[in-house]
Amino acid sequence: MLFGRAKKNPIKLPQHEVKDWVYTTCGYCSTGCSIEVGVDKNGNGVSARGVSGADVNRGKLCLKGIFEHELFTSANRGSVPLLRDKIFEPYQEATWDVAFDRTASEIHRIQETYGRDSFAIVSTGQILTEEFYTLGKLARGVIGTNNYDGNTTLCMASAVSGYKRSFGSDGPPGCYDDFEHTDCLLAFGSNLPEQHPIIYWRLKQALEKRKFPVIVVDPRVTMFAQMADMHLPVTPGTDLVLLNSLAHVILDEGLEDRAYIGANTNGAQEYEQLVAQYDPVSASKVCGIDEDTIRNVARLYANSGAAMSIWTMGINQSTHGSDGVVAINNLNLITGNIGKPGGTSLSITGQCNAMGTREWSSCSGLPGYRVLEKEQDRSDIAEFWGIDPEFFPKQRGLFQTDIFPAIETGQIKGLWIVATNPMTSMANTARIRKTLEKLEFMVVQDAYSDVETTEYAHVYFPAAIWAEKEGVMTNTERRVNLVRNVLKPYKESKSDLWIFSQMAKRFENGKKIKFPETASQVFDEMRQLSSGRFLDISGMTYEKIETNRGIQWPMKADSEHGIPRLYSDGKFNYDDGKAKLIPLPFVDNNERPDEEYPFWLNSGRVVEHFHTRTRTGKIGNLNKFSPTPYMEMNPDAAYALGVEHMMYARLVSRRGDAVVLVQLTHRVAPNMVFIPFHFHECVNRLSLGLLDPHSRQPAFKQCAVRIESITEQEAAAVVNNAARTY
Ligand SMILES: Nc1nc2c(c(=O)[nH]1)N[C@H]1C(S)=C(S)[C@@H](COP(=O)(O)OP(=O)(O)OC[C@H]3O[C@@H](n4cnc5c(=O)[nH]c(N)nc54)[C@H](O)[C@@H]3O)O[C@H]1N2
Ligand SMILES: Nc1nc2c(c(=O)[nH]1)N[C@H]1C(S)=C(S)[C@@H](COP(=O)(O)OP(=O)(O)OC[C@H]3O[C@@H](n4cnc5c(=O)[nH]c(N)nc54)[C@H](O)[C@@H]3O)O[C@H]1N2
Ligand code: SF4
Ligand SMILES: [Mo]
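Everything numeric in this text was worked out from a predicted model, so none of it was measured.

1. Examining the overall build of the chain
When helices and strands are counted, the chain shows 26 helices and 28 strands. In terms of overall size, the chain behaves like a compact globule, its C-alpha atoms giving a radius of gyration of 25 Å where 726 residues would be expected to give roughly 27 Å. Referenced to the eigenvectors of the C-alpha coordinate spread, the extents of the chain come out at roughly 70 × 70 × 55 Å. Counting all 726 residues of the chain, 64% fall into the buried class. Long-range contacts, defined here as pairs at least 24 residues apart, represent 73% of the contacts in the chain between residues at least 6 apart.

Quick look at the structure:
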């Protein structure tokens, strides 16, 4: 079957005989689409289709989901554990027992020599929730390191931190169904049509039934901006100023919901004093949006019966990411738009199970939204696991982005990387490379053996991927979805769950704590630990989740359904039940364009690729749409520099340089370039990644670069070199 552009690069779907269709959930983005994998008579995954009765996607899939079955056998899947004494020597194949023994003995040696926290663990948002819970048990209860965190610090940390500051707890309060009820949608730094195509499709469906204004705030003319009623091309990194100014207009003109503010919030007075300073005239000079537009949007939002805000990385990946989230929450609190149909503050999550790690991995504390700082939480979990509560630290340790500098300074000597590829995804590649070279020992656990980070590892654990295993994942709208096991793990690769429980056996506490063998037994533990809590899942079973095509938490033991929205009763998770209105002064600390580095460097994603391309880079029908690193550049800026369309150019920042293919487009302003971050040795060679003070999330979206045209010979040398290394 052929579809897409019939003549140029059509998508080719070969015909296959499908024997069974097996229900599961897509493992790429956080939308959480129900998917059926077609399995042929030899047990191979040969096709995929959306599940029509599923509330999330109603039969649709985006192109990543359509080809997801191809990743089971795509190039360089890890097939057997690998070991070596020194980095850069060739790896030797090993049995699992030898690989586990070597890793456990290195962890013991490092912890005995330098202290328990000198061994760090960095995980992900892309394994199953049961695996997260089990890794948390291992990290917190068995190995006992406090330097344990995930790549979600690159992704959702600002949303988590902002929700906690405003509402007293993490947990996105809204759902996709809110599109059906809203009277105004404000989207910040989110390119929904490319990054969450099926959530976008849900929005389009709602708009077909009932027109309401869509306003997109993004410095770039994204696909989302093109379809919007209003596009606000905000100056990079200044959303906070815009948000404070919107609130200024609402309060100044008396458009706020006084009754809601009075009944459900604290801190109104201090907040009002602060936003009083952000009049639209002064704010427009900083955020680049003219004063009348600020006033119009503020009035539109406040006068709508129900108004909602969504956001993604344009807000989170900023030096004031957490403040940006709190500012969005503030806007919704003063207009009474939390927990009501169509009135919400909904962070669009990134990775398929970034929510699962927030809820259950113990990265920032203990399972089930418990924290290390509370004695009761420590003793509850210690008792449940059967260990001494004193084994737990009394405060959380380093965030992922602080773990790397701690390796640099010698505080951390050993590292276990689970399902993340920092050599490509962290800012300032050269610095990360030097950092990883300093480690005495590193183990990488990944579904692919060719991830760039394995170049610096001593041990490689080949992991099973996606539907080669079973368990749940939580999507953007708190919906717990089931990944049913479709195929056996590839060759000798094993599920992350099995790997964690085998490692536990090699430690003292691992003999005290039970590590159940099956995912459903682990799920039962989580259900027990969730009972009566905010994220109660005690009413769920795998069967119920499959039958309902996903269930939103909370779902108590005696109820038949999940709850679509949080805080509908106006009761928040602070002791007095009130949310906080927090004053947020704007601090301008970004690296900004100047004479030497005159362009903003913006980075993000394209629809056909996922992150560091370990998966999509190997799937022909996806990779062919963007096989090489490229940048979007404004034609006028290019003309001034003698740079041409489809020629190569060099970018230089204070960190390093990169050579990329130029694509001329008016999507970006003359003082900005945009580069998808999917390619190794590209945008993150240049990026700075200043950290947000609350969430420690890097400002991937802003730094300064200059652009140099290069000769064809120079370009050819770089491209040939890149072709050799990939
Ligand atoms: N196809 C595909 N889908 C994905 C992923 C993928 O890799 N590929 N990854 C998933 C993950 S983990 C994530 S986190 C999400 C990310 O989803 P998105 O956040 O939607 O994607 P990005 O392209 O990273 O960034 C979104 C927009 O932020 C804008 N931006 C930059 N600076 C600013 C600013 O100062 N203010 C504002 N308001 N906007 C700004 C950029 O111009 C960009 O258009 O996508 C998920 N879905
Ligand atoms: N410049 C710039 N940099 C960015 C961003 C940006 O917008 N701009 N975005 C940031 C964001 S939001 C994110 S989320 C990060 C993502 O950055 P990474 O987490 O480094 O990216 P991935 O390529 O998704 O890495 C996940 C790895 O897990 C492996 N994997 C997949 N499934 C499994 C499994 O079941 N088990 C195991 N063990 N392995 C598995 C994959 O093969 C892959 O190697 O990048 C960040 N970096
Ligand atoms: S929208 Fe996300 S969850 Fe749905 S098919 Fe595409 S990648 Fe998978
Ligand atoms: Mo992300």
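2. Observations concerning the domain arrangement of the chain
How big an interface is tends to be reported as the loss of accessible area on association of its parts. Parsing the chain into structural domains produces domain 1 (3–73), domain 2 (82–155 + 352–478 + 491–516), domain 3 (157–347) and domain 4 (599–725). Between the C-alpha centres of domain 1 and domain 4 there is a distance of 30 Å. Taken together, the contact pairs 13 residues of domain 1 with eleven residues of domain 4. Between domain 1 and domain 4, a total of about 1100 Å² is buried, with carbon and sulfur atoms accounting for 65% of that surface. Applying the counting rule to domain 1 against domain 4 returns zero salt bridges. Where domain 1 meets domain 4, there are two residue pairs in polar contact (both at pLDDT 80 or more). Looking at the side of domain 1 that touches domain 4, the elements that each hand over two or more residues are strand 2 (11–12) and helix 1 (63–66).

3. Points about the site of ligand 1
Near ligand 1 there are 34 residues, and of these Asp218, Gly237, Asp239, Arg605 and His609 occur at the shortest range. At 2.9 Å, a side-chain N or O of Lys701 approaches an oxygen atom of ligand 1. A distance of 3.0 Å is found between an oxygen atom of ligand 1 and a side-chain nitrogen or oxygen belonging to Gln702. Those elements that place two or more of their residues in the shell around ligand 1 are helix 5 (192–195), helix 13 (313–316) and strand 23 (599–604). Looking at side-chain class alone, the shell around ligand 1 contains ten nonpolar, 17 polar and seven charged residues. Residue-level mapping places the shell around ligand 1 at the junction of two domains, with at least three residues from each of domain 3 (157–347) and domain 4 (599–725).

4. Regarding the sheet that holds strand 25 (residues 648–652)
An order of 23-27-24-26-25-28 is seen for the six strands of this closed barrel, with the pairing classed as mixed. Taken over all neighbouring pairs, the strand axes of this sheet differ in orientation by 45° on average, direction set aside. As defined by bridge partners, strand 23 adjoins strand 27 (residues 672–676) across five bridges and the pair is classed as parallel. Across the sheet, residue Ser603 finds its bridge partner in strand 27, namely Ile675.

5. Some remarks on helix 14 (residues 321–334)
A rise of 1.5 Å per residue sets the reference length of helix 14, with its 14 residues, at 20 Å; its end C-alpha atoms lie 20 Å apart and thus fit the reference within 8%. When you tally the buried positions in helix 14, you get 14 out of 14 residues, the bulk of the element. In the segment just after helix 14, Gly336 is the residue with positive phi, at about 65°.

6. Some thoughts on the environment of Glu36
Looking at the element boundaries, Glu36 is found in strand 4 (residues 34–39). Judged by relative accessible area, Glu36 falls into the buried class, the value being 14%. Between the C-alpha atoms of Glu36 and Cys26, which are ten residues apart in sequence, the distance is 9.0 Å. Setting aside anything within four residues of it in sequence, one finds Glu36 in contact with Trp21, Val22, Tyr23, Ser47, Ala48, Arg49 and Val51.

7. A few points about the site of ligand 2
Residues in contact with ligand 2 amount to 34 residues; listed here are only the nearest, Asn151, Asn421, Ser425, Asp446 and Thr612. Separating an oxygen atom of ligand 2 from a side-chain N or O atom of Asp446 is a distance of 2.6 Å. Look at ligand 2: alone it shows 920 Å² of surface, and the protein chains cover 99% of it. The set of elements that each furnish at least two residues to the shell around ligand 2 consists of strand 17 (441–446) and helix 25 (683–686). Both of domain 2 (82–155 + 352–478 + 491–516) and domain 4 (599–725) provide at least three residues apiece to the shell around ligand 2.

8. Re unusual backbone geometry
Between Trp553 and Pro554 the backbone carries a cis peptide bond, its omega angle lying at 5°. Within the secondary structure, Pro554 sits in the loop between strand 21 (551–552) and strand 22 (579–580). Of note, Arg549 is a non-glycine position whose phi angle comes to about 55°, a positive value. Tracing the sequence through the fold places Arg549 in the loop between helix 22 (542–548) and strand 21. Its identity is not glycine, yet Glu681 carries a phi of approximately 55°, on the positive side. Within the fold, Glu681 resides in the loop between strand 27 and helix 25.

9. Overview of the environment of Thr612
Within the element layout of this structure, Thr612 appears in the loop between strand 23 and helix 23 (620–623). When the C-alpha positions of Thr612 and Gly174 are compared, they lie 30 Å apart, and in sequence the two are 438 residues distant. Not counting the four nearest positions on each side in its chain, Thr612 is found in contact with Asn421, Thr424, Ser425 and His678. Within the structure, the side chain of Thr612 is placed 3.0 Å from the side chain of Asn421, a separation counted as a polar contact.

10. What to know about the nonpolar core
Leu138, Trp416 and Phe461 are the most contacted members of the largest nonpolar core, which has 119 residues in total. Residue contributions to this core reach at least three from each of two domains, namely domain 2 (82–155 + 352–478 + 491–516) and domain 3 (157–347). Beyond its immediate chain neighbours, meaning those up to four positions away, Phe461 contacts Trp96, Ala99, Phe100, Thr103, Trp416, Val443, Val444, Gln445, Asp446, Ile499 and Met503.

11. Considerations on the pattern of salt bridges
Applying the stated criterion across every chain, the model contains 45 salt bridges. A salt bridge links Arg49 to Glu36; the nearest nitrogen and oxygen atoms lie 2.8 Å apart. Of this pair, Arg49 sits in strand 5 (residues 45–50) while Glu36 sits in strand 4, and the two are 13 residues apart along the sequence. Note on Arg49: relative accessible area 37%, which makes it partly exposed. With its nearest N and O atoms 3.1 Å apart, the salt bridge here joins Lys211 to Asp229. Taken together, the residues span a long stretch of sequence, with Lys211 in the loop between helix 6 (197–209) and strand 11 (214–217) and Asp229 in the loop between helix 7 (223–227) and strand 12 (230–232) at a distance of 18 residues. By relative accessible area, Asp229 is classed as partly exposed at 45%. Here the residues in one salt-bridge network are Arg433, Arg650, Asp657, Glu681, Arg685, Arg706 and Glu708, joined through shared partners.

What counts, and where the lines are drawn
Residues numbered from 1 in each chain as written. Chains lettered and ligands numbered in written order. Predicted model: local features only at pLDDT ≥ 70, side-chain atom pairs only at ≥ 80, totals over all residues. Heavy atoms only, no water. Helix = DSSP H or I, 4+ residues; strand = E, 2+ residues; numbered from the N terminus. Rg over C-alpha atoms; globule rule 2.2 N^0.38 Å. Buried < 20%, exposed > 50% of the residue type's maximum accessible area, 1.4 Å probe, protein only. Contact = heavy atoms within 4.5 Å. Domains from an automatic or database assignment. Buried area = accessible area lost by both parts, 1.4 Å probe. Salt bridge = Lys/Arg side-chain N within 4 Å of Asp/Glu carboxyl O. Polar contact = N/O pair within 3.5 Å; in protein donor to acceptor, adjacent residues only side chain to side chain. Near = heavy atom within 4 Å. Nonpolar A, V, L, I, M, F, W, Y, C, P; charged D, E, K, R; others polar. Pairing = 2+ DSSP bridges. Axes fitted to C-alpha atoms, helices over the stretch in contact; angles between N-to-C directions. Expected span 1.5 Å × (residues − 1). Areas by Shrake-Rupley, 256 points an atom, 1.4 Å probe, with all protein chains shown as cover. Core = buried A, V, L, I, M, F, W, Y, C linked by side-chain atoms within 4.5 Å.

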